[in-house]
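# Summary of the model geometry
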Amino acid sequence: MKFSVLVNEGPFTHQASDSAYHFVKAAIGKGHEVMRVFFYHDGVNNGAKLSSPQQDDRNIVKLWSQLGKEHGLDLVICVAAALRRGIKDDVLAEGFRISGLGQLIEAGMETDRLVVFGD
Amino acid sequence: MKFSVLVNEGPFTHQASDSAYHFVKAAIGKGHEVMRVFFYHDGVNNGAKLSSPQQDDRNIVKLWSQLGKEHGLDLVICVAAALRRGIKDDVLAEGFRISGLGQLIEAGMETDRLVVFGD
Amino acid sequence: MAEPVDIPEDDEPGEDVKKFMFVNRRAPYGTIYALEGLEMVLITGAFDQDVSVVFMDDGVFQIVKGQDTKAVNMKNFSPTYRALEGYDIDKLYVERESIEARGLTAEDFVVPVKVLSAAELAGLMAEQHVIISA
Amino acid sequence: MAEPVDIPEDDEPGEDVKKFMFVNRRAPYGTIYALEGLEMVLITGAFDQDVSVVFMDDGVFQIVKGQDTKAVNMKNFSPTYRALEGYDIDKLYVERESIEARGLTAEDFVVPVKVLSAAELAGLMAEQHVIISA
Amino acid sequence: MLHTVNKSPFERTALATCLRYAREGDSILLYEDGVYAVRKAQSTTADVAAAAAKFKLFVLGPDLDARGVRPDQVIDGIRIVDYGGFVDLAAENGPVQAWL
Amino acid sequence: MLHTVNKSPFERTALATCLRYAREGDSILLYEDGVYAVRKAQSTTADVAAAAAKFKLFVLGPDLDARGVRPDQVIDGIRIVDYGGFVDLAAENGPVQAWL
């Protein structure tokens, strides 16, 4: 089955990004296709490469980058939400790209299930 | 009277930063001293200079910088919370500085009222 | 943002058309979800999908008349809901239970809405392909 | 972070000592407030203030025993509450009404707590110089 | 002391907990989404009117305006203040507890 | 369809609204702070037990563990799943509505 995921909250402040990550990883593990992960609202902060959590905590930004690399995931940061929050190409973590909200609607049109994670 | 303010949420996503800004402005207007504005949790994102909201909306990051400049406000971003969220000196807006949580406790010790704004 | 597309009301949805429902449960201004949620709905207008917008719980406050944001210095986006019709997004629903608890009626809103019960909305919800919560 | 400071229990607070109360009303893990709230409390330990920490509403879940975060891959910070004593922060209060609604007792927590009613805690709260909510 | 509540009474328990902690003579300021609590003729009205009789209740005018709540819809006995009034309340009362 | 709830029933109305919308045959997954709803012997237990009798209720094990909720504290009839089970629920049921 073909999934897409919408992440509405930033890393660390809410568990949404962690839950979405574990969901996507499990979906891939079960042989499903994950067409796109779209980051909206504060979710755009998941693509900020400068994020440096404490040594003994998970680095969810890096985990997304790694998962993206391993499985060719399309990790899309919403441009309008990103501009408000100061996320631009020069602070973008590996594997993420910035694009428009149309990418979310397109994901909804082309996948069997869109699953939303947020606050 | 001597006030300090704690801001727990980032710009735009929650009204906390706007409310705190209006409170601080009103306090100064009434002749009170505002010793420090401390930004914690997602509040550290208020110091991100890359933030570019839409033209027809307020730019709360710039408003803080301006108010800080006009009145010599001490705008302090918590270093631990900032590291998690990728806010470092090179993305810091004018008038903000990065320091430790001790600055919050000190503000509590040295002011008559600490007022908290958050989610 | 897309140009308004002129599709006759009785046009049958084509094969590529999916049912999108946007569920709005949050008050405006206290958080940005309502504003950014509306931006999502507007974009959908460019894709010729079958779009429903539901207001329930505190989400019904997003569309009440008389909002004046001058003193909070925030953008009053309530007039933008009136632009939805230009994008052929005219299925706007309000939950009866939510407006009754808040002492509101269909007259209190800036756009024409259809008032449905939670049970009726649940039926519509089950028919969707995509449900997006802001 | 400061070294634990050894002040006798019966020491009277000096002139520079203010009363700080930290109010914890949020569950752990779903949001970061509990973890970053604890970091605030720990720092206060370095300033020799009169610190109270209150757990009410879902905040009481912060200190329940048996938390195991391996499967969610997050940091289990519940053992850190036990470090508070080393900073001479030993006024930990739990609201009776909150734990009763959740079927919990003082035995369920990772640290020794004093169980007080909301009315008693309200009295303490009114005596504070600074109240910080995370 | 001063209690502040910025959450809707329909969605969160912040106001309910605040009322469990407010003591005689305390002031309570409703602002941001907390202002929805002051409306007449809704399911929460009776509880809030009772609180207004017991404590000093205030509501932030700028947040009322933003949300389209007219002064005539505000429960009797709740006073409307602006940001300056918020500052006065914080200055005049003891510690401030924000029920976030 | 599948409903997901990630909020505590003590603090938010998400679960209450979800139960107003759930229909016969629907599945409901409680995760993140939503898992606090499944505990026995607390003020919310009767309502959730009634929901468990009416709908297919699931709870995410990793979130239970993180929060120190033991399997024996979970109301009878609520099934514990892992992230793979979450994926299966989304795949097997129609659209997914997240009650954020």
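So, a few notes on the structure that sits alongside this text. This structure is a prediction, so every number in the text was calculated from the model and none was measured.

Read from one edge of the open sheet, five strands run β4-β3-β2-β1-β5 (chain B), paired in parallel fashion. Edge positions in the sheet fall to β4 (96–99) and β5 (113–117) of chain B, since each of these pairs with one other strand and no more. Strand-to-strand twist in this sheet, taken as the mean axis angle between neighbours without regard to direction, amounts to 25°. Alignment of strand β1 (residues 2–7) of chain B against β5 of chain B, held across five bridges, turns out to be parallel. Bridging from a neighbouring strand, S4 of chain B pairs with L114 of chain B of β5 of chain B. Relative to the sheet, helix α2 (residues 60–71) of chain B contacts β1, β2 (33–39), β3 (75–78) and β4 of chain B, its axis offset from that of β4 of chain B by approximately 95°. In this fold helix α4 (residues 83–92) of chain E packs onto β1 and β5 of chain B, with an angle of close to 130° to the strand it touches most, β5 of chain B.

On to helix α4 (residues 83–92) of chain F. All names here are of chain F. Burial within α4 is extensive, with eight of its 10 residues counted as buried. Residues of α4 that are buried: Y83, G84, G85, F86, V87, L89, A90 and A91. One side-chain oxygen of the residue at the start of α4 lies 3.1 Å from the amide nitrogen of G84, identifying that residue as D82.

Before going further, it helps to spend a moment on the interface of chain A and chain F. Tallying the contact residues gives 19 residues for chain A and 20 residues for chain F. Taken together, the two surfaces of chain A and chain F that pack against each other cover about 1,500 Å², and 59% of this comes from carbon and sulfur. Together, Q15, R113 and D119 of chain A form the three largest contributors to the area buried by chain A at its contact with chain F, with a combined 32%. Among the ionic pairs, K30 of chain A bridges to D88 of chain F, the shortest N-O distance being 3.0 Å. Applying the counting rule to chain A against chain F returns 10 residue pairs in polar contact (both at pLDDT 80 or more). Of all the elements in the fold, those that place two or more residues in the side of chain A that touches chain F are α1 (16–29) and β5 (113–117) of chain A. For the side of chain A that touches chain F, the class distribution of residues is 10 nonpolar, six polar and three charged.

Take the sheet that holds strand β1 (residues 19–24) of chain C next. Residue and element names in this part refer to chain C. Ordered by their spatial adjacency, five strands build an open sheet running β4-β3-β2-β1-β5, and the pairing between neighbours is parallel. Lying at the two open borders of the sheet, with one neighbouring strand each, are β4 (114–116) and β5 (130–133). The average undirected angle you get between the axes of adjacent strands in this sheet is 25°. Relative to β5, β1 is paired through four bridges, and the arrangement is parallel. From the neighbouring strand, M21 faces β5, where its bridge partner is I131. Packing of helix α3 (residues 118–126) onto the sheet brings it into contact with β1, β2 (50–55), β3 (91–95), β4 and β5, and relative to β3 it is tilted by some 140°.

How each quantity is defined
- Residues numbered from 1 in each chain as written.
- Chains lettered and ligands numbered in written order.
- Predicted model: local features only at pLDDT ≥ 70, side-chain atom pairs only at ≥ 80, totals over all residues.
- Heavy atoms only, no water.
- Pairing = 2+ DSSP bridges.
- Helix = DSSP H or I, 4+ residues; strand = E, 2+ residues; numbered from the N terminus.
- Axes fitted to C-alpha atoms, helices over the stretch in contact; angles between N-to-C directions.
- Contact = heavy atoms within 4.5 Å.
- Buried < 20%, exposed > 50% of the residue type's maximum accessible area, 1.4 Å probe, protein only.
- Polar contact = N/O pair within 3.5 Å; in protein donor to acceptor, adjacent residues only side chain to side chain.
- Buried area = accessible area lost by both parts, 1.4 Å probe.
- Salt bridge = Lys/Arg side-chain N within 4 Å of Asp/Glu carboxyl O.
- Nonpolar A, V, L, I, M, F, W, Y, C, P; charged D, E, K, R; others polar.

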